[in-house]
Amino acid sequence: MNSATEAIVQVRGLTNSFGPQCVHENLDLDIYRGEILAVVGGSGTGKSVLLRSIVGLREPNAGSVQVFGETLQGLSSQRRGQLERRFGVLFQQGALFSSLTVRENIALPLIEHAGLTRASANQLAQLKIALAGLPAGAADKYPAQLSGGMIKRAALARALALDPDILFLDEPTAGLDPIGAAAFDQLILTLRDALGLSVFLVTHDLDTLYRITDRVAVLANKKVLVADTLQRVAATDDAWIRDYFHGPRGRAAEQAATRLQEQP
């Protein structure tokens, strides 16, 4: 993690409600430059809703989201669009256009938002495909022809299309086998270090938490209960945290991470 603690995203007093159901109430959270921040929490705590609020896909009922020193709420649509192009988003199911090839999916934002010609966009898309660890032959395949792991990587390549400063990942390893999940985690770590990205990820994967995160934020009771290093979060006196981090799966993930760190 970058040693600096510059908060490039500041969420303050965030409230999100769906009719009478309040998911977030007066929630605060920072994302620091260069870090990998994981958000965890029980079902219904609004992890994906928080992600969507930060990237501008959902207007919160109250509160503010400040990105790179500018508050998204109240900005002109043009300026807001410029800021949001500094985000790369990988949605849980990939959200690729089924009627487009992988290359066309990645080229589309380059044509629409960066104004590139189709030829230039296709050339750059091929680079992003390689960056995401996909074989060159995947470029001409349609999403239905891809495995689950390849869909994740294709969606990651599209998220990287506009050279974002922040990468938002919603359950990036969900549905992947352990080997595929570990490879994807390592890819995220490599990209963060090589490209200087900040990463915000929603996950249930304990192995991911122990392998690559700098900080973990726990959502509970409509707020961020704690946001700190994994070790400090795991030591927090809370029933859900105890069950999550100190149950059989949590202990296994911690032991696996320890063995990995001890390897020469």
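For the structure itself, look to the data block above.
Position labels on residues start from 1 in each chain and follow its written sequence. The predicted origin of the model limits local features to residues at a pLDDT of at least 70 and limits the giving and counting of side-chain atom pairs to 80 or more, whereas totals for whole chains, interfaces and linings rest on all residues. Remark: hydrogens and water are excluded; side-chain values derive from all non-hydrogen atoms of the structure.

**Q** Sorry if this is basic, but what is going on with the nonpolar core here?
**A** Side chains of a nonpolar character, in soluble globular proteins, are inclined to be buried together. Among buried residues, the Ala, Val, Leu, Ile, Met, Phe, Trp, Tyr and Cys ones that are joined through side-chain atoms within 4.5 Å form a nonpolar core. Exposed residues in this analysis have more than 50% of their type's maximum accessible area, buried residues have under 20%, and partly exposed residues fall in between, with area computed by a 1.4 Å probe over protein chains only. L156, L167, I188, L209 and F245 are the most contacted members of the largest nonpolar core, which totals 50 residues. Per-element tally for this core: the top contributor is helix α6 (residues 178–195), with six residues. Any two residues whose heavy atoms approach within 4.5 Å at even a single point are treated as in contact. In contact with L209, other than residues within four places in its own chain, are A38, V40, T203, V216, L230, Y244 and F245. Counting residues in each nonpolar core, the second largest holds 27 residues, with L27, I54, F200 and V202 among its members. Numbering of helices and strands runs from the N terminus, with a helix taken as a DSSP run of H or I at least four residues long and a strand as a DSSP run of E at least two residues long.

**Q** Would you explain the environment of F245 in this entry?
**A** By the element assignment, F245 lies in helix α9 (residues 239–246). Spatially, the C-alpha atom of F245 lies 8.9 Å from that of A235, the residues being 10 residues apart in sequence.

**Q** Looking at this model, I keep getting lost on α6. Mind explaining?
**A** For an α-helix, 3.6 residues make a turn, and residues three or four places apart therefore share a direction. Each helix should span, by expectation, one fewer than its residue count multiplied by 1.5 Å. Its 18 residues give α6 an end-to-end C-alpha distance of 25 Å, which sits within 8% of 26 Å, the value for a rise of 1.5 Å per residue. For α6, every residue scored as buried is listed here: A181, F184, D185, L187, I188, L189, L191 and R192. With a side-chain oxygen lying 3.0 Å from the backbone nitrogen of I179, the N-terminal cap of α6 falls on D177. Immediately downstream of α6, the backbone of G196 shows phi near 70°, a positive value. Counting of polar contacts relies on pairs of N or O atoms within 3.5 Å, with two restrictions inside protein: one atom must be capable of donating a hydrogen and the other of accepting it, and residues adjacent in sequence are counted only when both atoms are side-chain atoms.

**Q** Help me out: how do you make sense of the packing of aromatic side chains in this one?
**A** Two numbers describe a pair of aromatic rings. These are the distance of the centres and the angle of the planes. Here a pair means two rings of Phe, Tyr or Trp (six-membered ring of Trp) with centres within 6.5 Å. Their orientation is stacked below 30 degrees between planes, edge-to-face above 60, and tilted elsewhere. Taken as a whole and assessed by the stated rule, the structure comprises four aromatic pairs. Their ring planes at 75° and their centres at 5.3 Å tell us that F87 and F168 sit as a pair that is edge-to-face. Here F87 is found in strand β6 (residues 87–90), whereas its partner F168 is found in strand β7 (residues 166–170), with 81 residues between them in sequence. By relative accessible area, which is 0% here, F168 ends up buried. Ring geometry for W240 and Y244: centres 4.6 Å apart, planes at 15°, overall stacked. Of this pair, W240 and Y244 both sit in helix α9, separated by four residues, roughly a single helical turn. With relative accessibility at 15%, the residue Y244 sits in the buried group. A network of ring pairs unites the aromatic residues F87, F168 and F200 as a single cluster. Note on criteria: charge over ring means Lys NZ or Arg CZ within 6 Å of the ring centre, with the direction from the centre no more than 35 degrees off the ring normal. Geometry around F18 places R58 over its ring, the cationic atom sitting 4.2 Å from the centre. Positioned above the aromatic ring of F68, the side-chain terminus of R86 is 3.7 Å from the ring centre.

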